[in-house]
Number of protein chains: 2
Amino acid sequence: MFRSSTFKAINIKEKFKLFDDHWSPKVIGELNGQQVKIAKVKGEFVWHDHKGEDELFYIIKGTLKIAFRDKTVELKEGEMLIVPKGVEHKPVAEEEVWLMLLEPANIKHTGDVKHELTVEECEWLNG
Amino acid sequence: MFRSSTFKAINIKEKFKLFDDHWSPKVIGELNGQQVKIAKVKGEFVWHDHKGEDELFYIIKGTLKIAFRDKTVELKEGEMLIVPKGVEHKPVAEEEVWLMLLEPANIKHTGDVKHELTVEECEWLNG
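Given the structure is predicted, the values throughout are model-derived calculations rather than measurements. For every chain, the first residue of the written sequence is number 1, and numbering continues from 1 onward in sequence order. Just so you know, chain letters begin at A and ligand numbers begin at 1, following the order they were written in. Totals for whole chains, interfaces and linings use all residues, but because this is a predicted model, local features are given only for residues with pLDDT of at least 70 and pairs of side-chain atoms are given and counted only at 80 or more.

## Concerning the overall build of chain A
Where we set the bar: The numbering of helices and of strands both runs from the N terminus, where a helix is a DSSP run of H or I of at least 4 residues and a strand a run of E of at least 2. The reference for a compact globule is 2.2 Å times residues^0.38; the radius of gyration itself is calculated from the C-alpha atoms. Here a residue counts as buried when 20 or more other C-beta atoms fall within 10 Å of its C-beta, as exposed when 12 or fewer do, and as partly exposed in between; the C-beta atoms come from the backbone.
Helix and strand counts for chain A stand at one helix and nine strands. Listed by position from the N terminus, the elements making up chain A come as β-α-β-β-β-β-β-β-β-β. Expected size for 127 residues packed as a compact globule is a radius of gyration near 14 Å; at 14 Å, chain A falls within 12% of this value. Principal axes of the C-alpha set define a box for chain A whose edges measure 45 × 30 × 25 Å. Counting all 127 residues of chain A, 38% fall into the buried class.

In structure tokens form, the structure reads like this:
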């Protein structure tokens, strides 16, 4: 069944006003076993991959670089990239970036890598 | 396996310059069995539901009203709504709206309803 709250428009930028921590994705929606998350990030994340899950990055504000082992892709506001499963990547944000993520529910954002940045389970963002 | 083209930034607004037809979603990405689509819409769509698929609407430009049997939700630029499976809805755009959709691959956009607007299979948008 569904949460009746999903029948309200979700204003993405407004949701970003509800938190300030970095590298800690918040869930704002769920569909077909996938979760829509938003995160503020700044600095370098850790190299990782997701063995079984593709991951979509969509930039709401700022410029995110996603390093791969053989190239780096720069994503600006309004741009997106899908990172296929099994592909190692490392997000880097020189300045704070606001991004939207789409990935399967309960994916670990650091993949199989255990790191001080690892969040075991992303919380739903209320409000 | 993946298309190597997915390793380029996809600029959503640029993609909208590549077509003009209404109510004909174009696929711009795929992940975990879901497709990311974009569409230009204007006017009233047809009442329908999707028996087994949730559907995400995200507004890139304009204002979209989504009518449900008991209420109507208005979505402005930067806002999103997830319509759970089995819930009848009818999108209405008084002026042209650019939207991004996320839904399972091969979903019919009119659900089980056969209509002159039904597109049997959405095309990938090249370019």
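## Describing the relation of the copies chain A and chain B
Between the two copies of the chain lies a rotation about an axis combined with a shift along it. Our working definition: Alignment of copies: least-squares fit on C-alpha atoms of residues with pLDDT of at least 70 in both copies. Contact between two residues is assigned when their C-beta atoms, built from the backbone, lie within 7 Å.
Of the transformation superimposing chain A on chain B, the axial component is 0.0 Å and the angular component is 180°, with the fit at an RMSD of 0.0 Å. In the structure described here, the two chain copies are related by an operation that fits a two-fold rotation axis. Using C-alpha coordinates, one finds that chain A approaches the rotation axis most closely at Q34(A), a distance of 4.4 Å. In this assembly, 100% of the residues forming the interface of chain A have copies in chain B that are likewise at the interface, indicating an isologous arrangement.

## Thoughts on unusual backbone geometry
Residues and elements named next belong to chain A. Although it is not a glycine, N32 sits at a positive phi angle of roughly 50°. Relative to the elements of secondary structure, N32 occurs in the loop between β2 (26-31) and β3 (34-44). The class of N32 is buried, set by 21 C-beta atoms lying within 10 Å.

## A word on the nonpolar core
One recurring pattern in soluble globular proteins: nonpolar side chains tend to sit buried together. Let me state the cut-off plainly: Only buried Ala, Val, Leu, Ile, Met, Phe, Trp, Tyr and Cys residues enter a nonpolar core, and they are joined through C-beta atoms within 7 Å.
If you look at the biggest cluster of nonpolar residues, it comprises 52 residues, and the most contacted ones within it are L56(A), F57(A), L99(A), L56(B), F57(B) and L99(B). For F57(B), the contacting residues outside a window of four places in its chain are L64(B), I66(B), L75(B), M80(B), L81(B), L99(B) and L101(B).

## Quick notes on the pairing of strand β7 (residues 79-83) of chain A
Regular strands place their side chains on alternate faces of the sheet. For clarity, the cut-off: Pairing between two strands is assigned when DSSP locates at least 2 bridges connecting them.
Burial runs high along β7(A): five of the five residues are buried. Residues E79(A), L81(A) and V83(A) line one face of β7(A) and the alternating positions M80(A) and I82(A) line the opposite face, and both faces are buried. With four bridges joining them, strand β4 (residues 55-61) of chain A and β7(A) adopt antiparallel strand pairing. Paired with Y58(A) across the strands is M80(A), a residue of β7(A). In the sheet, β7(A) pairs with strand β1 (residues 10-11) of chain B via two bridges, with the strands oriented antiparallel. Considered in β1(B), the bridge of E79(A) is made with N11(B).

## A look at the interface of chain A and chain B
Cut-off, in case you're wondering: Side-chain classes follow a simple rule in which Ala, Val, Leu, Ile, Met, Phe, Trp, Tyr, Cys and Pro form the nonpolar group, Asp, Glu, Lys and Arg form the charged group, and the remainder, Gly included, forms the polar group.
Every contact between the two is made by 29 residues of chain A and, on the other side, 30 residues of chain B. Of all elements in the fold, only β1 (10-11), α1 (12-15), β2, β3, β6 (72-75), β7 and β8 (90-104) of chain A reach the threshold of two or more residues within the side of chain A that touches chain B. If one sorts the elements of the side of chain A that touches chain B by residue count, β7(A) sits on top with four residues. Along the lines of polarity and charge, the residues of the side of chain A that touches chain B split into 16 nonpolar, six polar and seven charged.

## Details of the environment of G33(A)
All names here are of chain A. With respect to the helices, strands and loops of the structure, G33 is situated in the loop between β2 and β3. By the C-beta count within 10 Å, which is 13 here, G33 ends up partly exposed. In this structure the C-alpha to C-alpha distance between G33 and K85, which are 52 residues apart in sequence, comes to 16 Å.

## What to know about the environment of L56(B)
All names here are of chain B. Turning to its location among the elements, L56 is positioned in strand β4 (residues 55-61). Looking at L56, the number of C-beta atoms within 10 Å reads 24, which means it is buried. A sequence separation of 41 residues divides L56 from V97, and the C-alpha atoms of the two residues are 15 Å apart.

## Here we look at the pairing of strand β3 (residues 34-44) of chain B
Most of β3(B) is tucked away: eight of the 11 residues are buried. Connecting the antiparallel pair strand β2 (residues 26-31) of chain B and β3(B) is a turn made up of two residues, with N32(B) showing a positive phi of about 50°.

## Overview of the confidence of the model for chain A
Threshold: In predicted models, pLDDT denotes the confidence assigned by the predictor to each residue on a 0 to 100 scale.
Taken as a whole, chain A shows an average pLDDT of 91; of its residues, 95% reach a score of 70 or greater. For chain A, per-element mean pLDDT is lowest for strand β9 (residues 123-124) of chain A, which scores 89, and highest for β4(A), which scores 98.

## Brief notes about the environment of R69(B)
Relative to the elements of secondary structure, R69(B) occurs in the loop between β5 (64-67) and β6 (72-75). On a C-alpha basis, the gap between R69(B) and H48(B) in space is 11 Å, while along the polypeptide they are 21 residues apart.

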